[in-house]
Amino acid sequence: MDKRSLKLRYYGDPILRQKAAPVQTVTPEIRDVIGAMFDCMYRERGIGLAAPQVGIAQRIFVVDVEKESGERSKYALVNPVMKETAGSIVGEEGCLSIPGIHADVKRHADVVFEALDEHGGLVVVRAEGLLARALQHELDHLDGVLFIDRLSPIRRKLLESKLARMQFGEAGKAASTASASPSF
Ligand code: ZN
């Protein structure tokens, strides 16, 4: 695989509905994949990206979220597990794989994630705000779940024709994300 050519997969691509497999060992090849995923995420102006979104069915995602303080939370997580959750909060989300659609999604407000980092070491991430939202959105991707699955039936219904058009490959390029809300 030429990792420089990682391409985004769009809604309708079956890999987005697969449950991704755990990574057995964090090898140099996995580190290459992670590097290429960060490149792809920045290129697409996302704040998070999961491996299935670039055609790799493994439990890896990257996030780079800027806090209000300007401080950045940048992580590559391998085999992530959500260990603790508290509270709930509604906020707008978009997805790089479902361009042009943004909607309010209810998520846990505070989360604690455990994972391996890009060197295979254990990492614990305590998150709130946008980072917590990004982590949950990406974890969903590893289980084949998309943010539109978490919308109310009415909201989902309203999006159906738009989604049906995407299902047949009209996604992407044309639908530049004009919204200021984050995509991951
Ligand atoms: Zn997404």
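Below or above, wherever it landed, is the structure these notes cover. (Residues numbered from 1 in each chain as written. Predicted model: local features only at pLDDT ≥ 70, side-chain atom pairs only at ≥ 80, totals over all residues. Heavy atoms only, no water.)

1. Side note on the overall build of the protein chain
Stage number 1. Check the secondary structure of the protein chain and you find 3 helices and 7 strands.
Stage number 2. Helices and strands in the protein chain line up, N terminus first, as α-β-β-β-β-β-β-β-α-α.
Stage number 3. Over its C-alpha trace the protein chain gives a radius of gyration of 16 Å, about what one expects of a compact globule, namely 16 Å for 184 residues.
Stage number 4. Projecting the C-alpha coordinates of the protein chain onto the three principal axes gives extents of approximately 45 × 40 × 30 Å. (Helix = DSSP H or I, 4+ residues; strand = E, 2+ residues; numbered from the N terminus. Rg over C-alpha atoms; globule rule 2.2 N^0.38 Å.)

2. So, the coordination of the zinc ion
Stage number 1. Note on the zinc ion: its protein donors are C95 (SG), H137 (NE2), H141 (NE2) and F184 (O). The metal-donor distances range over 2.0 to 2.3 Å.
Stage number 2. Considering all 4 donor atoms around the zinc ion, angles at the metal cover 81 to 140° and the coordination shape is irregular.
Stage number 3. Mapped onto the polypeptide sequence, the residues donating to the zinc ion form the spacing pattern C-x41-H-x3-H-x42-F. Separated by 47 residues along the polypeptide, H137 in helix 2 (residues 129-142) and F184 in the segment after helix 3 (153-170) bring together distant segments of the chain. (Donors = N, O, S within 2.8 Å, 3.2 Å for Na, K, Ca; no water. Tetrahedral: all angles 85-135°; square planar, octahedral: opposite > 155°, others 65-115°.)

3. Considerations on the pattern of salt bridges
Stage number 1. The final tally for this structure, using the stated rule, is 12 salt bridges.
Stage number 2. As a salt-bridge pair, R9 and D13 come within 3.0 Å of each other at their nearest N and O atoms.
Stage number 3. We classify R9 as partly exposed; its relative accessible area is 30%.
Stage number 4. What makes D13 partly exposed here is its relative accessible area of 21%.
Stage number 5. Between E93 and R133 there is a salt bridge, with the nearest N and O atoms lying 2.8 Å from each other. Of this pair, E93 sits in strand 4 (residues 89-95) while R133 sits in helix 2; the two residues are 40 residues apart in sequence, bridging distant segments of the chain.
Stage number 6. Overlapping salt bridges, with partners in common, bring together E93, R107, R133, D140 and R150 in one network. (Salt bridge = Lys/Arg side-chain N within 4 Å of Asp/Glu carboxyl O. Buried < 20%, exposed > 50% of the residue type's maximum accessible area, 1.4 Å probe, protein only.)

4. So, the pairing of strand 2 (residues 60-66)
Stage number 1. Taking burial as the measure, the 7 residues of strand 2 include 6 buried ones, the bulk of the element.
Stage number 2. Both strand 2 and strand 3 (residues 72-86) contribute to a ladder of 7 bridges, which runs antiparallel. Along strand 3, the bridge assignment pairs V62 with A76.
Stage number 3. Connecting strand 2 to the next strand, strand 3, in antiparallel fashion are 5 residues, including G70 with a positive phi near 95°. (Pairing = 2+ DSSP bridges.)

5. Focus: the environment of L96
Stage number 1. Here L96 lies in the loop between strand 4 and strand 5 (98-107).
Stage number 2. Among residues more than four places away in sequence, those in contact with L96 are L8, Y10, E44, G46, G48, L49, Q53, S183 and F184. (Contact = heavy atoms within 4.5 Å.)

6. With respect to the nonpolar core
Stage number 1. By size, the foremost hydrophobic cluster in this structure holds 22 residues, and its most contacted members are I34, M37, L49, V54, I60 and V62.
Stage number 2. Mapped onto this core, the elements with two or more residues apiece are helix 1 (28-43), strand 2 and strand 3.
Stage number 3. When residues in this core are grouped by element, the largest group, 8 residues, is from helix 1.
Stage number 4. Look past the residues within four positions of I34 in its chain and what remains in contact with it is I60, V62, A76, V78 and E118.
Stage number 5. Residues V111, A127, L139 and L142 belong to the second largest nonpolar core, which totals 20 residues. (Core = buried A, V, L, I, M, F, W, Y, C linked by side-chain atoms within 4.5 Å.)

7. What about the state of the cysteines?
Stage number 1. One pass over the full model with this rule turns up 0 disulfides.
Stage number 2. Unpaired in this structure, C40 has its nearest cysteine sulfur neighbour in C95, at a distance of 12 Å.
Stage number 3. Here C40 falls in the buried class, since its relative accessible area comes to 1%. (Disulfide = S-S within 2.5 Å.)

8. A look at the pairing of strand 6 (residues 110-116)
Stage number 1. Where strand 3 lies against strand 6, 6 bridges are found, and the strand directions are antiparallel. By the bridge assignment for strand 6, V81 is matched with E114.
Stage number 2. Of the pairings in the sheet, the one linking strand 6 to strand 7 (residues 122-128) comprises 7 bridges and is antiparallel in character. The residue bridging F113 from the neighbouring strand is V125, located in strand 7.
Stage number 3. Linkage of strand 6 to strand 7, two consecutive antiparallel strands, is achieved through a turn of 5 residues, within which G120 is found at a positive phi near 90°.

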